[in-house]
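This is what each chain is made of:
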Number of protein chains: 2
Amino acid sequence: MTPSLRNPERPVAALIAPDILASLDESPQDIARDTEEMHPADLANVAEVLPLERVADFLRTLPQARAAEVLEYLDEQLRAELLEAMNPEQAALLVGAMTPDERADVLVELEEETADEILSDMPTAARQETERLLQFEPDTAGGLMTTQFVAVSADLTVKDALALVREAARSGQREAMHAIYVTDADGVLQGVMSLRELVAAADDTHVADAMRSEVVRITTQAGRSEVTTLTSEYDLVALPVVDGFGKLVGVITVDDVIDALVEEQTEDVQKLGAVQPLEEPYFAAGFWHVARKRVGWLVFLFVGEMFTGTAMRHYESTLAAALSLTLFIPLIISSGGNSGSQSATLITRALAVGDVKVGDFLRVLVRELGQGLALGIPLGAIGFIRAMMWGSSAEVAAVVASSLVAVVLVGTLVGAVLPLLFRRLGFDPAVASSPFVASLVDVTGLVIYFTIARNILHIA
Amino acid sequence: MTPSLRNPERPVAALIAPDILASLDESPQDIARDTEEMHPADLANVAEVLPLERVADFLRTLPQARAAEVLEYLDEQLRAELLEAMNPEQAALLVGAMTPDERADVLVELEEETADEILSDMPTAARQETERLLQFEPDTAGGLMTTQFVAVSADLTVKDALALVREAARSGQREAMHAIYVTDADGVLQGVMSLRELVAAADDTHVADAMRSEVVRITTQAGRSEVTTLTSEYDLVALPVVDGFGKLVGVITVDDVIDALVEEQTEDVQKLGAVQPLEEPYFAAGFWHVARKRVGWLVFLFVGEMFTGTAMRHYESTLAAALSLTLFIPLIISSGGNSGSQSATLITRALAVGDVKVGDFLRVLVRELGQGLALGIPLGAIGFIRAMMWGSSAEVAAVVASSLVAVVLVGTLVGAVLPLLFRRLGFDPAVASSPFVASLVDVTGLVIYFTIARNILHIA
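Residues numbered from 1 in each chain as written. Chains lettered and ligands numbered in written order. Predicted model: local features only at pLDDT ≥ 70, side-chain atom pairs only at ≥ 80, totals over all residues. Heavy atoms only, no water.

Engineer: I'm lost on the overall build of chain A in this one. Help?
Structural biologist: Each helix and strand in chain A was counted, giving 22 helices and six strands. In terms of overall dimensions, chain A is more spread out than a globule: its C-alpha atoms have a radius of gyration of 30 Å, far above the 23 Å expected for 460 residues. Every one of the 460 residues in chain A was classed for burial, and the buried ones make up 57%. Across chain A, contacts joining residues at least 24 apart in sequence account for 67% of those joining residues at least 6 apart. Of the roughly 18,400 Å² of accessible surface on chain A, a fraction of 56% belongs to carbon and sulfur atoms. Charge centroids of chain A, computed over 32 positive and 65 negative side chains, lie 6 Å from each other. (Helix = DSSP H or I, 4+ residues; strand = E, 2+ residues; numbered from the N terminus. Rg over C-alpha atoms; globule rule 2.2 N^0.38 Å. Buried < 20%, exposed > 50% of the residue type's maximum accessible area, 1.4 Å probe, protein only. Contact = heavy atoms within 4.5 Å. Areas by Shrake-Rupley, 256 points an atom, 1.4 Å probe, with all protein chains shown as cover. Lys, Arg positive; Asp, Glu negative; His and termini not counted. Charge placed at Lys NZ, Arg CZ, Asp CG, Glu CD.)

Shown next, in the form of structure tokens:
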């Protein structure tokens, strides 16, 4: 009987997994050697398709540092289950072998009791380092950084600095080796040399003369989006993190920046879809957790949309006098919502990537005013023809056409202004989601439609 | 009179720029030394606030390699204007000093005639290299890669390999030095060593014994999203690119991956907002270009939304019999659109980051069915109360409440299924934008509403 494998979406891993399972029973001592050349991310994929109860056995066949690396790439949920099922000492050994920043990330995912047990079983130095990192909010520079980096003093020669780096690399330090940092006796950051610059420099130069002293840096409290912006703007592979005194306390490596960028974008997209950001992957997030993240916005939008009813009651006599007006209500208000969504999306994204600033308000307004007209007029024309084809009177068709132009214009402006306004007030512009803009424009759109109808059709 | 500075949004650059302007007139020979320690990205910011006609003068004061670096960080539009205004030989010198991938990127932005002139003025080797890169689509691995990398043969010792790397670094090669690649006599990729691994290895080891032979690689034709996925999955700082024969032809560095990731995100967000992706930043894109990118979707959605009119005409007798039903139309259909937007956003993003696969169809369906009920029932309850408060009969309130539950359920399912369906059909799931889902659900919602109304209110 072949044991059942999970996650059939990983074809390569699923191919290798049966061999691993067989080896686990017959010759577990061979697994480390057989998989030596594989990338830890691929081994993590293999672990993800193994039956849950064999994953710990599999990790035990690997050298500890290797197992820790695999753990770093493992699916969060599986990792948490695995560590919670292990005995705390074994878990502490594994977690202790991870890089400091990953260690902290992993412990945050566990139940507090398990995390505490694992922490107390770690060697003192590793425990203290991890506890220090755990004090930072996960979405700040402090929460993203690792505390493993190579710092040298400015009076070293390049040769000695390179020797230090080689030693650090040989001692198994895995992270933040793309650059070496130059610090003074107090640990204050003074300069930086990339590993490339270090190997390029002449052996007898002093680090002080070869280093760059204007170092792009960030403070521990800075937010995730500052981290991603700086890294991308300066094309960094590692971003040094300093405390309030300018002391170098950690380094954020580019792989963590990429993860941060993806998370940030997920949150932005979810906000734009009127969902409060989920921290977990789709299936990992609990059913009621997701429902709670959605229901708030839905109810808020629902209550806002109730004003469409209020508006229509207000114009009940107009409606009764020209029932055919009803037919165009969804068409007209949705056109405003659609053009508004477009503008809101364009401006929100432009704000996020820095193409537009709050100070560009007037320029944006003028441009979107033009866009509103350029988009509203063709829709109005199509609407006019359609209304005539449905047998409406020329007056009703004119009401529909001019309402369309006006509603698209208003939608475009509302969609463009809201994100700028939110940013100005210190909120996230992505709160101006498509549904939010659409709801606002629905109510306004009805008022516009009925006002125009009353005036053109001369009804009370 | 102080010359006018552009772009007041760069406060630091704006502070330095007046000094640079003064130096340009008085002691241009000092500028290179005075700005030596600055990051080229910061110098580019300074260039961006200078009056346009002084930017070329400013670049001329810098050593050529430095000026080329600044050019790489410069705003695309300004860069194009600048190069088109320069004489072709000078432009060729500057562009020739850029890294090969940036060189190609810059030429693509120029008018074809200017680009050809600059190309023909470049040294043969640089020209041929650039022309080769220009053959790749910009959004493929070939279009993203640089052709500068260090490749060594497997029989070298670590000491000799390191000597080669130092030589390459000293010769001014700036890119793709985070790893060295091992190739055979035909240039076929055999292995990789990170610079860290190289400095960590013992001097007399052979590269063959120290290298990793399972190299994560990509082919020239692979798309941008494969590049970003591989880089992020394997935590790479450089991704080697091979041709159809496995020959190493280039390397994609992580800074270009970050740019690709941000661009990809922008496109996804714009699609989700029902805008065809703009390639340019908000203000850089021409007015009519943007309008064209928007009008297609708007008209498509408008035509789709016309079916709401068709549906309402179909139920005209129902409407006439119970006019108060009209009041709830926008409320009901928008609720379906909102819950549908939420689901579409969640699933589209989960597909993009790999949390959900097309094969998860059934799991997604079951989950969103549950979400639809969990979200629809509270909205139905609120809707019932609201209808009663507006003085509707209990029957009408019941119609509103049950329609809300049904419409939210349908919205949720449509929003969840569409992105999966699009992916399955080979389209981009992000096409299932909020406005698109809302339009679909508007029509369906009306049919549901009137069908329920007819049944509960017993009208024809």
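Back to the write-up after that little detour.
Engineer: Before we go on, may I ask you to explain the domain arrangement of chain A in this structure?
Structural biologist: Interfaces are often sized by the amount of accessible area the parts lose when they come together. All names here are of chain A. The domains assigned to chain A are domain 1 (11-136), domain 2 (151-270) and domain 3 (287-457). Look at where the C-alpha atoms of domain 1 and domain 2 centre, and you get two points 27 Å apart. Listed by partner, the interface residues are eight residues for domain 1 and four residues for domain 2. Carbon and sulfur atoms supply 39% of the area that domain 1 and domain 2 bury against each other, a total of about 450 Å² over both sides. (Domains from an automatic or database assignment. Buried area = accessible area lost by both parts, 1.4 Å probe.)

Engineer: Help me out: how do you make sense of the side chain of B:R386 in this one?
Structural biologist: Note that B:R386 resides in helix α20 (residues 361-389). One buried charge, B:R386, has no salt-bridge partner; the nearest side chain with opposite charge is A:E316, at 12 Å. The contacts of B:R386, once residues within four sequence positions are left out, are A:M306 and A:T310. (Salt bridge = Lys/Arg side-chain N within 4 Å of Asp/Glu carboxyl O.)

Engineer: Could you clarify how one ought to interpret a nonpolar patch on the surface in this entry?
Structural biologist: Among the surface-exposed residues, A:F384, A:I385, A:M388 and A:M389 lie close enough to one another that they form a single nonpolar patch of about 390 Å² accessible area. Tracing the backbone through its elements, the reader meets A:M388 in helix α20 (residues 361-389). (Patch = residues over 30% accessible without salt bridge, like charges linked within 9 Å, V, L, I, M, F, W, Y side chains within 5 Å.)

Engineer: Where do I start with the packing of aromatic side chains in this structure?
Structural biologist: Each aromatic ring pair is described using two quantities: the centre-to-centre distance and the angle formed by the ring planes. The tally for this structure, following the rule as stated, stands at 20 aromatic pairs over all chains. Ring geometry for B:Y315 versus B:F450: centroids 5.0 Å apart, planes at 15°, classification stacked. Of the two residues, B:Y315 is situated in the loop between α17 (287-314) and α18 (316-321) and B:F450 in helix α22 (residues 434-457); the sequence distance between them amounts to 135 residues. On the basis of relative accessible area, B:Y315 is assigned to the buried category, the value being 9%. Between B:F422 and B:F427, the ring centres sit 6.3 Å apart and the planes meet at 75°, which makes this aromatic pair edge-to-face. Taken together, the aromatic side chains of A:W297, A:F300, A:F422, A:F427 and A:F436 make up a single cluster linked through ring pairs. The positively charged end of A:R367 is found above the aromatic ring belonging to B:Y282, 5.3 Å away from the centroid. (Phe/Tyr/Trp six-rings, centres within 6.5 Å; stacked < 30°, edge-to-face > 60°. Lys NZ or Arg CZ within 6 Å of the ring centre and 35° of its normal.)

Engineer: Any chance you could explain the sheet that holds strand β3 (residues 189-194) of chain B here in plain terms?
Structural biologist: Backbone-to-backbone hydrogen bonds pair the strands of a sheet. The strands run either parallel or antiparallel. Residue and element names in this part refer to chain B. The three strands are arranged β1-β2-β3 in an open sheet whose pairing can be described as mixed. Unpaired on one side and paired on the other, β1 (151-152) and β3 mark the two borders of the sheet. Pairing of strand β2 (residues 179-183) with β3, which is carried by five bridges, proceeds in the antiparallel orientation. Within the sheet, the bridge partner assigned to Y181 lies in β3 and is V192. (Pairing = 2+ DSSP bridges.)

Engineer: For this particular structure, what's the right way to read the nonpolar core?
Structural biologist: A general trend in soluble globular proteins is that nonpolar side chains are found buried together. A:L325, A:F328, A:Y449, B:L325, B:F328 and B:Y449 are the most contacted members of the largest nonpolar core, which has 86 residues in total. Of all hydrophobic cores here, the second largest spans 44 residues; its members include A:A41, A:Y234, A:V241 and B:I258. (Core = buried A, V, L, I, M, F, W, Y, C linked by side-chain atoms within 4.5 Å.)

Engineer: Explanation requested: the relation of the copies chain A and chain B in the structure shown.
Structural biologist: Both copies of the chain are related by a screw-like operation: a rotation about an axis and a shift along it. With an RMSD of 0.1 Å, the fit of chain A onto chain B corresponds to turning through 180° and sliding 0.1 Å along the axis. Look at the turn and shift together and you get a two-fold axis relating the two. (Least-squares fit on C-alpha atoms with pLDDT ≥ 70 in both.)

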